[in-house]
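Chain by chain, the residues:
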Amino acid sequence: MACIDPVANACAISGTITVDPALKDKIGSAPLLMIFASSSSDLSQPALIVRREPGVSFPYAYKLTAEDITLVGSSFEGKMYVTARIDPAGMVGPPRPGT
């Protein structure tokens, strides 16, 4: 992806996050959804975008733009890998088993 005009949000990544019906009871009543976008598929590399979305319901539609970049000095271009994680207790930090 090449961003022609990142200030005007000419580039975006969007999609819908769903939860398997068998897991819906495990996500809690006010889960914290974390959405990450990175230029690397290696999860140990820092994400360019980290979005925290508290108390979401599913399916959840998202849109990431250059304005969402949290890694200083990064640009919103090239191949991007998007991952999401749900923490049922609304806790931030490294993934724990079951999240």
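Reference entry: report on the structure contained in this document. (Residues numbered from 1 in each chain as written. Predicted model: local features only at pLDDT ≥ 70, side-chain atom pairs only at ≥ 80, totals over all residues. Heavy atoms only, no water.)

## A closer look at the overall build of the chain
Step number 1: When helices and strands are tallied, the chain shows zero helices and five strands.
Step number 2: Pairs at least 24 apart in sequence give 62% of the contacts found in the chain among residues at least 6 apart.
Step number 3: Summed over its atoms, the accessible surface of the chain is roughly 6200 Å², and 55% of this surface lies on carbon and sulfur atoms. (Helix = DSSP H or I, 4+ residues; strand = E, 2+ residues; numbered from the N terminus. Contact = heavy atoms within 4.5 Å. Areas by Shrake-Rupley, 256 points an atom, 1.4 Å probe, with all protein chains shown as cover.)

## Notes on the sheet that holds strand β5 (residues 81-87)
Step number 1: Ordered by their spatial adjacency, three strands build an open sheet running β3-β2-β5, and the pairing between neighbours is antiparallel. Across the chains shown, the open sheet's two edge strands, defined by having one partner strand only, are β3 (49-54) and β5. Ignoring strand direction, the axes of neighbouring strands in this sheet form an average angle of 15 degrees.
Step number 2: Bridge count between strand β2 (residues 32-38) and β5: seven bridges; the pairing is antiparallel. Residue pairing across strands places Phe36 opposite Thr83, the latter belonging to β5. (Pairing = 2+ DSSP bridges. Axes fitted to C-alpha atoms, helices over the stretch in contact; angles between N-to-C directions.)

## Looking at the pairing of β3
The side chains of a regular strand alternate, residue by residue, between the two faces of the sheet.
Step number 1: What you see with β3 is a clean split: Ile49, Arg51 and Glu53 sit on the buried side and Val50, Arg52 and Pro54 on the side with no burial.
Step number 2: Pairing geometry for β2 and β3, over six bridges, is antiparallel. Along β3, the bridge assignment pairs Met34 with Arg52. (Buried < 20%, exposed > 50% of the residue type's maximum accessible area, 1.4 Å probe, protein only.)

## Structural notes on the side chain of Glu53
Step number 1: Mapped onto the elements of the fold, Glu53 is located in strand β3.
Step number 2: Here the side chain of Glu53 touches Tyr60 through a polar contact of 3.0 Å, side chain to side chain.
Step number 3: Residues contacting Glu53, with those up to four places away along its chain left out, are Pro31, Leu32, Leu33, Ile35 and Tyr60. (Polar contact = N/O pair within 3.5 Å; in protein donor to acceptor, adjacent residues only side chain to side chain.)

## Quick notes on the pattern of salt bridges
Step number 1: Evaluation of the coordinates by the stated rule reveals three salt bridges.
Step number 2: Across the pair Arg85 and Asp87 runs a salt bridge, and its minimum N-O distance is 3.9 Å.
Step number 3: Three or more residues are tied together by salt bridges with common partners; here these are Arg51, Glu53 and Asp68. (Salt bridge = Lys/Arg side-chain N within 4 Å of Asp/Glu carboxyl O.)

## What about unusual backbone geometry?
Trans peptide bonds make up most of the peptide bonds, and negative phi angles are found at most residues other than glycine.
Step number 1: In the segment running from Phe58 into Pro59, the intervening peptide bond is cis, with an omega of 5 degrees.
Step number 2: As for its placement among the helices and strands, Pro59 is situated in the loop between β3 and β4 (60-65).

## Side note on the nonpolar core
Step number 1: In this structure, Leu33, Ile35, Phe58, Tyr60, Tyr62, Leu64 and Phe76 are the most contacted members of the largest nonpolar core, which totals 19 residues.
Step number 2: Elements with a contribution of two residues or more to this core: β1 (12-17), β2 and β4.
Step number 3: Beyond its immediate chain neighbours, meaning those up to four positions away, Leu33 contacts Ile17, Arg51, Arg52, Glu53, Val56, Phe58, Tyr60, Ala84, Arg85 and Ile86. (Core = buried A, V, L, I, M, F, W, Y, C linked by side-chain atoms within 4.5 Å.)

## Description of the environment of Lys63
Step number 1: Tracing the sequence through the fold places Lys63 in strand β4.
Step number 2: Take Lys63: its relative accessible area is 49%, and that puts it in the partly exposed class.
Step number 3: Expressed as a C-alpha distance, the spacing of Lys63 and Ser14, which sit 49 residues apart in the sequence, is 4.2 Å.

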